[in-house]
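Topology and contacts: notes
Listed below, chain by chain, are the residues.
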Amino acid sequence: LRKNVEDFTGPRERSDLGFVTFDITADILNGKNGLQTSRNKNTLIIFDWNVKQLFLYLSAEYSTKNNALNQVVLWDKIMLRGDNPRLSLKDMKSKYFFFDDGNGLKGNRNITLTLSWNVVPNAGILPLVTGSGHVSVPFPDTYETTKSY
Amino acid sequence: GWPRSGGIRGRAAMDLFGDLRRMNKRQLYYQVLNFAMIVSSALMIWKGLIVVTGSESPIVVVLSGSMEPAFHRGDLLFLTNFHDDPIRAGEIVVFKVEGRDIPIVHRVIKVHEKGNGNIKFLTKGDNNEVDDRGLYKEGQNWLEKKDVVGRARGFLPYVGMVTIIMNDYPKFKYALLAVMGAYVLLKRES
């Protein structure tokens, strides 16, 4: 995982913009699940007859001086029933801009990345499940001024 | 004057006819009351749902394809809106933009919550390329708890199509109401 922090003009003010690249290895079959950036895979949830699709998303959660809790979805994917349940994605860039509401990314040591998913049934309850693995990412203390992303 | 036998029969006939007219009126009142009871019960169930779920509109119909392939136009969503339920990324929320009546069903992709519980969040339809900032009010960049109608907890496909058809083809709605009204009023309990 590599990360830079760059100052960028967000909605009106200059807010911190973070760049993260990540690997996702997940095996969504039966049981519990895991998000790893390297080794062991755990097995995961079941695609049963009432599961139409899974909406997977990688979210970054952290707290800043401005806000006690922040959650930003960096990446998402729709996994339909019948799709390959094993994910092995390397060097992924975030799909969405990782803007903070303010300047709380600089020097923030503890950004937690978690993989979660929304189970969409053919009919019935819509649960949100969080994966059991998570990764902690620290951001550096300085801003990058070059577009090294 | 009346022939005596005819008179008795005549009066009996009048009484019977009177009875019949009175009975029809009573039956009519009964049917109307029956109908009113059905309508009141339905209203009570709806109000009860509003109380139990905490949402002003606990059942909504999906109107657009912006959440496909999860939800399609015509699907029915069941919502809750408990005050203590925090809004978190990944949840599917139904919200109304200030000043507009149409509820929108999208997913929360950004959350910023302050220590005092103040939350602002951003939404995006799964099937849309960009987030919903273009849908919000002019100058509005975030949604707040007050804009939320509820969180989607369950869903049934297709069932809401009836509402959409009734909306798009009002003649169908009147026909349906007329048929229902006629059925209830004319139904005889034997």
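Residues numbered from 1 in each chain as written. Chains lettered and ligands numbered in written order. Predicted model: local features only at pLDDT ≥ 70, side-chain atom pairs only at ≥ 80, totals over all residues. Heavy atoms only, no water.

**Focus on unusual backbone geometry**
Residues and elements named next belong to chain B. Cis rather than trans, the peptide bond between E68 and P69 has omega equal to 0°. Tracing the backbone shows P69 in the loop between β1 (59-61) and β2 (76-80). Even without a glycine there, the phi angle at Y158 is positive, about 65°. Within the secondary structure layout, Y158 lies in the loop between β7 (148-156) and α2 (161-168). Residue classification places Y158 among the exposed positions, given a relative accessible area of 66%. (Helix = DSSP H or I, 4+ residues; strand = E, 2+ residues; numbered from the N terminus. Buried < 20%, exposed > 50% of the residue type's maximum accessible area, 1.4 Å probe, protein only.)

**Quick notes on the UniProt feature "domain: Peptidase S24/S26A/S26B/S26C" (unreviewed entry) in chain B**
UniProt's entry tags residues 50-135 of chain B with the feature "domain: Peptidase S24/S26A/S26B/S26C" (unreviewed entry), counted in the numbering of this structure. With 5% helix and 35% strand, residues 50-135 of chain B has end C-alpha atoms that lie 27 Å from one another. (UniProt positions renumbered as here; feature names shortened; annotations may be inferred.)

**Details of the UniProt feature "transmembrane region" (unreviewed entry) in chain B**
Feature annotation in UniProt assigns "transmembrane region" (unreviewed entry) to the following positions: residues 28-46 of chain B. For the annotated span residues 28-46 of chain B, helix accounts for 100% and strand for 0% of the residues, and the straight-line distance between the end C-alpha atoms is 27 Å.

**Let's talk about a nonpolar patch on the surface**
All names here are of chain B. Judged by side-chain polarity, M161, V162, I165, Y169, F172, Y174, L176, L177 and M180 come together as a nonpolar surface patch covering roughly 860 Å² of accessible area. Contributing elements (two or more residues each) for the nonpolar patch: α2 and α3 (170-186). Per-element accounting of the nonpolar patch gives the leading share, five residues, to α3. Structurally, Y169 is set in the loop between α2 and α3. (Patch = residues over 30% accessible without salt bridge, like charges linked within 9 Å, V, L, I, M, F, W, Y side chains within 5 Å. Areas by Shrake-Rupley, 256 points an atom, 1.4 Å probe, with all protein chains shown as cover. Salt bridge = Lys/Arg side-chain N within 4 Å of Asp/Glu carboxyl O.)

**Description of the nonpolar core**
Ranked by size, the top nonpolar core spans 20 residues in total, and within it V73 of chain A together with I87, F95, V108 and F121 of chain B carry the most contacts. Among the elements of the structure, β3 (51-62) of chain A together with β3 (92-96), β4 (103-113) and β5 (119-124) of chain B are those that each provide at least two residues to this core. Tallying contributions element by element places β4 of chain B first for this core, with four residues. V120 of chain A together with L79, V149 and F155 of chain B belong to the second-largest nonpolar core, a separate cluster that totals 15 residues. (Core = buried A, V, L, I, M, F, W, Y, C linked by side-chain atoms within 4.5 Å.)

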